[in-house]
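Breakdown of the fold
What follows is each chain in one-letter form.
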Amino acid sequence: MFDPTAFDNMKVVAEGLFYDLDLNGVISIKERNDIIDLARLSRKYSLSFSLKERSNILATFRLYARLEQLSAELLANGAAEQRGAFLEVVYSGSEQDVTKERIRKWKAAWGQPRMFETRNIDSSLSGKSCELVVRFERLITEDMMDDLQQLIEFFVATLKD
C-alpha cells in the first residue's frame, strides 16, 4: 500500500483548510496546481486565492519538495532531517495594489528569518505589476502540521489591511 509522503500529507491538509475558507465565503480560490516534475523528480503544489471582498490582490501558497525530500522518506536509510517540504507565499497584483507600503507591511508581518524577493513586472500585454515572495528557508515537517492552520489563517489576515 502507498504510504503518503510528508509533502502529500501537508498538501492535503492545506488544501482542505483553503477550501473550507472558500466555502465559508472568506476567500475565492482562483487556481490550483499539483505538478510532478519527472525530469527533476520534484513536486510542487500551489493554490492561488483572493479575498472575497478584495479581489485585486492574488495570494499564492506554494509547497514544494525536491528529490532529496522524496528519497529521504522512501529509502530505508533516508536522512530524517531531509523529510518534509519547503514553503513560500506570494502576493501579486498591479502596482496600484501591491504598493511599496503594503510590501513593507507584509515584510514586517512575516518578520525574520524569512527571505523576501520583490519582483517588478512590466508586461507589454497587461501593464505593470508587482510580486512579493516570502520564503521559509527551512524544511516544514509533518510535526508542524498544527502550525499550518495558523500560518494559513495569518496569510489570509495579512490581506485584510
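Described below are features of the structure shown in this document. (Residues numbered from 1 in each chain as written. Predicted model: local features only at pLDDT ≥ 70, side-chain atom pairs only at ≥ 80, totals over all residues. Heavy atoms only, no water.)

Time to look at the packing of helix α1 (residues 6-23) against helix α4 (residues 145-157). The contact between α1 and α4 brings their axes to 10 Å, and the two run at 40°. With respect to α4, the element α1 is oriented oblique. The handedness of the crossing between α1 and α4 comes out as right-handed. Here N9, M10, V13, A14, L17, F18 and L21 of α1 come into contact with α4, specifically with M145, L148, Q149, I152 and V156. Considering only residue class, the contact of α1 with α4 consists of ten nonpolar, two polar and no charged. (Axes fitted to C-alpha atoms, helices over the stretch in contact; angles between N-to-C directions. Helix = DSSP H or I, 4+ residues; strand = E, 2+ residues; numbered from the N terminus. Parallel < 35°, antiparallel > 145°, perpendicular 65-115°, else oblique. Left-handed = near helix turned anticlockwise from the far one by under 90°. Contact = heavy atoms within 4.5 Å. Nonpolar A, V, L, I, M, F, W, Y, C, P; charged D, E, K, R; others polar.)

Next up on the list: the pairing of strand β6 (residues 127-140). Sheet analysis places strand β4 (residues 85-94) next to β6, joined by nine bridges and oriented antiparallel. By the bridge assignment, L87 is partnered in β6 with F136. As paired strands, strand β5 (residues 115-123) and β6 are joined by nine bridges and run antiparallel to one another. Residue S123 lies in a different strand from β6, and its bridge partner there is G127. Here β5 folds back onto β6, and the loop between the two strands holds three residues. (Pairing = 2+ DSSP bridges.)

This part takes up a nonpolar patch on the surface. Residues I36, L38, L41, L67, L70 and L74 make up a contiguous nonpolar surface patch of roughly 570 Å² in combined accessible area. When residues in the nonpolar patch are grouped by element, the largest group, three residues, is from helix α2 (residues 67-74). Within the secondary structure, L41 sits in the loop between β1 (27-37) and β2 (42-51). Judged by relative accessible area, L41 falls into the partly exposed class, the value being 42%. (Patch = residues over 30% accessible without salt bridge, like charges linked within 9 Å, V, L, I, M, F, W, Y side chains within 5 Å. Areas by Shrake-Rupley, 256 points an atom, 1.4 Å probe, with all protein chains shown as cover. Salt bridge = Lys/Arg side-chain N within 4 Å of Asp/Glu carboxyl O. Buried < 20%, exposed > 50% of the residue type's maximum accessible area, 1.4 Å probe, protein only.)

Per the stated rule, a full pass over the model turns up nine aromatic pairs. Residues Y91 and F155 carry aromatic rings whose centres are separated by 5.4 Å and whose planes lie at 80° to one another, so their mutual orientation is edge-to-face. A residue pair is termed long-range when its members are at least 10 positions apart, and Y91 in strand β4 and F155 in helix α4 qualify at 64 residues. Residue class for Y91 comes out buried when judged on its relative accessible area of 0%. For the ring pair W110 and F136, a centre distance of 5.6 Å and an interplane angle of 85° mean the geometry is edge-to-face. Linking W110 in helix α3 (residues 100-110) with F136 in strand β6, this pair joins segments that are 26 residues apart in sequence. Looking at F136, the relative accessible area reads 6%, which means it is buried. (Phe/Tyr/Trp six-rings, centres within 6.5 Å; stacked < 30°, edge-to-face > 60°.)

Within the largest apolar cluster, 38 residues are counted, with the highest numbers of intra-cluster contacts made by F49, F61 and I152. Among the secondary structure elements, those contributing two or more residues to this core are α1, β1, β2, β3 (58-65), β4, α3, β6 and α4. If we skip the residues at most four places from it in the chain, F61 touches A14, F18, Y45, S46, L47, L87, E88, L148, L151, I152 and F155. (Core = buried A, V, L, I, M, F, W, Y, C linked by side-chain atoms within 4.5 Å.)

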